[in-house]
Amino acid sequence: MTTVVRVPEELSARVPAEQRGPGLERDAVRLLVSRGTAVSHHAFAELPCLLRAGDLLVVNTSPTLAAAVDGRVGHARVVVHFSTRGDDGRWAVELREPDGHGTTRARAGTRAGSAVRLPGGGRLVLEEPLSASGERLWWARAGADTDVPGLLREHGRPIRYSYTERDQPLSVYQTVFALPSADGTGSAEMPSAARPFTARLVAELVSRGVQFAPITLHTGVSSAEVHEPPYAERFVVPEASARLINNVKANQEGREALPRKGGGGRRAGGRVVAVGTTAVRAVESAAGADGVVRAASGWTELVVTPERGVRVVDGLLTGLHEPEASHLLMLEAVAGRAAVDRGYEEALRGLYLWHEFGDVHLILPEERPHAEHCSSN
């Protein structure tokens, strides 16, 4: 794990960028760029001149759900966070309690057999913990007359954490890449690395020869109090996206058949840049030991660590993560510990904003700078 120190509370992004001043859009955030231990500071709108023709952005199309619903266990008020739908129709859920400030706190004493009354007469019964190592998330079965996707659409709201200032409409949590799913499933939490993209910025990237490879990974509920390794999540890597990724990799010089550990050297041609840790998890789950990505779907339990390395991803665009977050191990796998430590030192020094409405971090391989340049600030 990195040596990143605690993030000061005042660096939490409390509202989306577009609500911080008149005339601002989603892309009005800052962009920290790491190439090895070299760091530069940019506006996110400069992304097109930091990438180049032939680069491929892997983007997550999962829509964000209104995954928080009020309920009652006996006489006690609870908030149910719906995380993931299982193959057997059950839902992985977390029961929390209102904290009196519009958000929630951890709830103790959840037991198997607990029945939760939901709005509109719905009912949910907790059956067993999702993991033997903890009892935060539970498999729960909805009553026969309870349509969970419909319940979320009618009575749900986006999951909100205590560092945010107020509730936001669901549209604030949808990225420009989000596509509705046929079965009503999606992400309990926004794939937030893609949030700053606008349609205009995507069009500019395309006009410069940057390609996009869509994948889907439905993110589950993370812990607001304890950072845990990610649980199993549903993902899809379509055949067309696998083919795009493999074409970029095949055009790179000195392609490695084995995983790279911590920031490989110079790459020729285009680079595969994942937009978010969810995109990394999906494509690395679909990659064989030979580094070839094959169309895949189902559940992934992959945890990308420095020891495992990455087989496909050359770069990563991601938010800024808390020091205890397991996501930092993935960043180390892509860039190496020295690069991550250096980047986070600069983010703290530069007063970058953290969390889903905050600034973003672009990690690229160390290499000779290309012809196009962005102005640093």
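All residue numbers refer to position in the chain's written sequence, counted from 1. In keeping with the predicted nature of the model, local features appear solely for residues at pLDDT of at least 70, side-chain atom pairs appear and are counted solely at 80 or more, and the whole-chain, interface and lining totals rest on all residues. Computation of side-chain values: all heavy atoms of the structure, hydrogens and water removed.

Asks: Break down the sheet that holds strand E16 (residues 360-364) for me, citing the residues and quoting the values.
Replies: When DSSP finds at least two bridges between two strands, those strands are taken to pair. Strands here mean DSSP runs of E at least two residues long; helices mean DSSP runs of H or I at least four residues long; both are numbered from the N terminus. Spatially, the nine strands line up as an open sheet ordered E2-E1-E16-E15-E13-E3-E11-E12-E14, and their pairing is mixed. The strands lining the two open edges of the sheet, one partner per strand, are strand E2 (38-43) and strand E14 (296-300). Taking each pair of neighbouring strands and ignoring which way they run, the sheet shows an average axis angle of 20°. Where strand E1 (residues 30-35) and E16 come together, five bridges link them in parallel fashion. Note on E16: the bridge partner recorded for Arg-35 is Leu-364. Helix H4 (residues 239-251) rests against strand E3 (56-60), strand E11 (211-217), strand E12 (233-237) and strand E13 (272-275) of the sheet, and its axis sits at about 130° to E11. The contact definition used throughout considers only heavy atoms, calling two residues in contact when any of these lie within 4.5 Å. Between N-to-C directions, angles span 0 to 180 degrees; the directions come from axes that are lines fitted to C-alpha atoms, helices contributing only their stretch in contact. Across the face of the sheet, helix H6 (residues 327-335) comes into contact with strand E15 (315-319) and E16 while running at roughly 155° to E15.

Asks: Account for the packing of aromatic side chains, naming residues and giving values.
Replies: Any two rings among Phe, Tyr and Trp, with Trp reduced to its six-membered ring, count as a pair given centres within 6.5 Å; such a pair is stacked if its planes are under 30 degrees apart, edge-to-face if over 60, and tilted if neither. One pass over the structure, following the stated rule, counts seven aromatic pairs. Taken together, a centroid distance of 5.8 Å and an interplanar angle of 85° make the contact between Phe-82 and Trp-91 edge-to-face. Taken as a pair, Phe-82 and Trp-91 share a single burial class, namely buried. Feature note: the residues Phe-44, Phe-177, Phe-197 and Phe-212 constitute an aromatic cluster, connected by ring pairs. Note on geometry: a ring has a charge over it if NZ (lysine) or CZ (arginine) is within 6 Å of the ring centre and within 35 degrees of the ring normal. Lying over the aromatic face of Tyr-352, Arg-30 brings its terminal NZ or CZ to 3.9 Å of the ring centre. Each residue is placed in one exposure class: buried if its accessible area under a 1.4 Å probe, protein chains only, is under 20% of its type's maximum, exposed if it is over 50%, and partly exposed if it falls in between.

Asks: I'd like to hear about helix H7 (residues 337-349), residue by residue, with values.
Replies: Every helix has an expected span of 1.5 Å times one less than the residues it contains. Its 13 residues give H7 an end-to-end C-alpha distance of 18 Å, which sits within 8% of 18 Å, the value for a rise of 1.5 Å per residue. Among all positions in H7, only Ala-339, Val-340, Asp-341, Gly-343, Tyr-344, Glu-346, Ala-347 and Leu-348 are buried. Along its buried surface, H7 packs onto E1, E2, E15, H6 and E16. Positive phi shows up at Leu-351, right after H7, with a value of about 60°.

Asks: Can you tell me about the nonpolar core, naming the residues and giving the values?
Replies: Counting 43 residues, the largest nonpolar core has Val-58, Val-237, Ile-245, Val-293 and Trp-354 as the members making the most contacts within it. Per-element tally for this core: the top contributor is H6, with six residues. Not counting the four nearest positions on each side in its chain, Ile-245 is found in contact with Leu-56, Val-58, Ala-213, Val-272, Val-283, Val-293 and Val-312. Residues enter a nonpolar core if they are buried and are Ala, Val, Leu, Ile, Met, Phe, Trp, Tyr or Cys, with the set joined through side-chain atoms within 4.5 Å. If you look at the next biggest cluster of nonpolar residues, it comprises 27 residues, including Ala-67, Val-116, Leu-151 and Ile-159.

Asks: Give a detailed account of unusual backbone geometry, specifying residues and quantitative values.
Replies: Backbone geometry at Leu-351 places phi at a positive 60°, although glycine is not the residue there. With respect to the secondary-structure elements, Leu-351 resides in the loop between H7 and E16. For Leu-351, a relative accessible area of 56% corresponds to the exposed category. Not every positive phi belongs to a glycine, and His-355 is a case in point at roughly 80°.

Asks: For the pairing of E13, give the residues involved together with the corresponding values.
Replies: Regular strands place side chains that alternate from one sheet face to the opposite one. Along E13, one buried face is formed by Val-272 and Ala-274 and the opposite face, lined by Val-273 and Val-275, is buried too. As paired strands, E3 and E13 are joined by three bridges and run parallel to one another. Bridge pairing links Leu-56 to Val-272 in E13.

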